Amino acid sequence: MNRVQNFIRRQSVSLPITGVMFPILYLGAEIGLLASGAIAAGTYLASNSTIKQVQFSSTSKELGMTRNEYKHVLKQVQEAKLKTKRLQGQYYRVRSISSFRQLMEMTKLSNKIIAVVQQHPRKFYLAEPFFYSHLDSALELTEKYTLLVGQPVKDRDIKIALQDTRETLQSMNRVMQNDLKKVLSSDVEQLRMELDYARLAVDKQQNQKLLVQSLTDDEGDVENERKSIDTK
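**Q** A description of the overall build of the protein should follow, citing residues and the corresponding values.
**A** Each helix and strand in the protein was counted, giving six helices and zero strands. Mapped from its N terminus to its C terminus, the protein presents α and β elements in the order α-α-α-α-α-α. Residues classed as buried in the protein amount to 28% of the 232 residues present. Across the protein, the fraction of contacts at a sequence separation of at least 24, relative to all contacts at a separation of at least 6, is 67%.

Below you can see the structure in the form of structure tokens.
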């Protein structure tokens, strides 16, 4: 999802086209400044939109996803970002350090999951429960908790509800940790494979050095024996 590169590529094509169209229309066709500007602007928009669609199709194909799948993942990522911002907005509404830390940890987990899926869209399917359920539950519980904790009157029922909510949010924290582990699972497995390969390469190189050293030592022993025989 390298949007910056795609944007630069679109502009590198659309802007030159627009830059050529305007003087041709204004000076060559002599249709007037406003008409030339309007047509040139339309050309820019059409060119930019067409290239964007081509890039979108190309990217989804490279990822092994259909356009609809890719579009759906992008939508879920954007919605998750908005929900996480709402979660961050509750920071200063909690009234205890432990609740603040808990909320901060949940926000960090959410941002990490979103970042991984944004970078690797196919990992979305490893974290579907996070996007469809877990983040929504965490946000809803947090907003209700901050609403109750901000009330001036706290009777026994409210205190029990607050305690239950804190415990449930702690459980949601662990659930989101598992969500992050799932999206990172393939990366961890790949890292293990690369480590195993690297260790094999190192062991092979060390064995070769030992073999060369052994052969060198043997040659030295033979040479010493020859010198000993010659002296006799």
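**Q** Lay out the nonpolar core in plain terms, naming residues and giving numbers.
**A** The biggest cluster of nonpolar side chains holds 29 residues, and the ones touching the most others in it are I113, V117, F130 and F131. Of all the secondary structure elements, the ones that give two or more residues to this core are α3 (67–88), α4 (97–119), α5 (128–149) and α6 (156–231). With residues near it in sequence (within four places) discarded, I113 still touches A127, F130, F131, M176, D179 and L180.

**Q** A description of the packing of aromatic side chains should follow, citing residues and the corresponding values.
**A** Following the criterion strictly, the structure yields seven aromatic pairs and no others. With a centroid separation of 6.5 Å and 40° between ring planes, the pair formed by Y92 and F100 is classed as tilted. Under the relative-accessibility criterion, Y92 is labelled exposed at 74%. With a centroid separation of 5.8 Å and 85° between ring planes, the pair formed by F124 and Y132 is classed as edge-to-face. When its relative accessible area of 0% is taken as the criterion, F124 is described as buried. Looking at Y132, the relative accessible area reads 41%, which means it is partly exposed. In textbook terms, an aromatic cluster arises when at least three aromatic residues are bridged by ring pairs, as seen for F124, Y125, F130, F131 and Y132.

**Q** Please give an account of the packing of α3 against α5 that cites residues and values.
**A** As a packed pair, α3 and α5 sit with axes 10 Å apart at the nearest point and diverge in direction by 15°. One element, α3, and the other, α5, form an angle in the roughly parallel class. The way α3 lies across α5 gives a crossing that is left-handed. Contacts from H72, Q76, V77, A80, K83, T84, R86 and L87 of α3 reach α5 at F131, Y132, L135, D136, A138, L139, T142 and E143.

**Q** Describe α3, with residues and values.
**A** Along its 22 residues, α3 runs 32 Å from first to last C-alpha, staying within 8% of the 32 Å computed at 1.5 Å per residue. Among all positions of α3, only Y70, V73, L74, Q76, V77, A80, K83, T84 and L87 are buried.

**Q** Got a sec to walk through the pattern of salt bridges? Specific residues and values, please.
**A** Within the structure shown, the criterion is met by three salt bridges. Between D136 and K83 there is a salt bridge, with its nearest N and O atoms 2.6 Å apart. Taken together, the positions of D136 in helix α5 and K83 in helix α3 put the pair 53 residues apart, joining distant regions of the chain. Look at K83 and you get buried, because its relative accessible area is 17%. Between K144 and E140 there is a salt bridge whose closest N-O contact spans 3.2 Å. Residue K144 and its partner E140 are both found in helix α5; the two are separated by four residues, about one turn of the helix.

Conventions we followed
Residues numbered from 1 in each chain as written. Predicted model: local features only at pLDDT ≥ 70, side-chain atom pairs only at ≥ 80, totals over all residues. Heavy atoms only, no water. Helix = DSSP H or I, 4+ residues; strand = E, 2+ residues; numbered from the N terminus. Buried < 20%, exposed > 50% of the residue type's maximum accessible area, 1.4 Å probe, protein only. Contact = heavy atoms within 4.5 Å. Core = buried A, V, L, I, M, F, W, Y, C linked by side-chain atoms within 4.5 Å. Phe/Tyr/Trp six-rings, centres within 6.5 Å; stacked < 30°, edge-to-face > 60°. Axes fitted to C-alpha atoms, helices over the stretch in contact; angles between N-to-C directions. Parallel < 35°, antiparallel > 145°, perpendicular 65-115°, else oblique. Left-handed = near helix turned anticlockwise from the far one by under 90°. Expected span 1.5 Å × (residues − 1). Salt bridge = Lys/Arg side-chain N within 4 Å of Asp/Glu carboxyl O.

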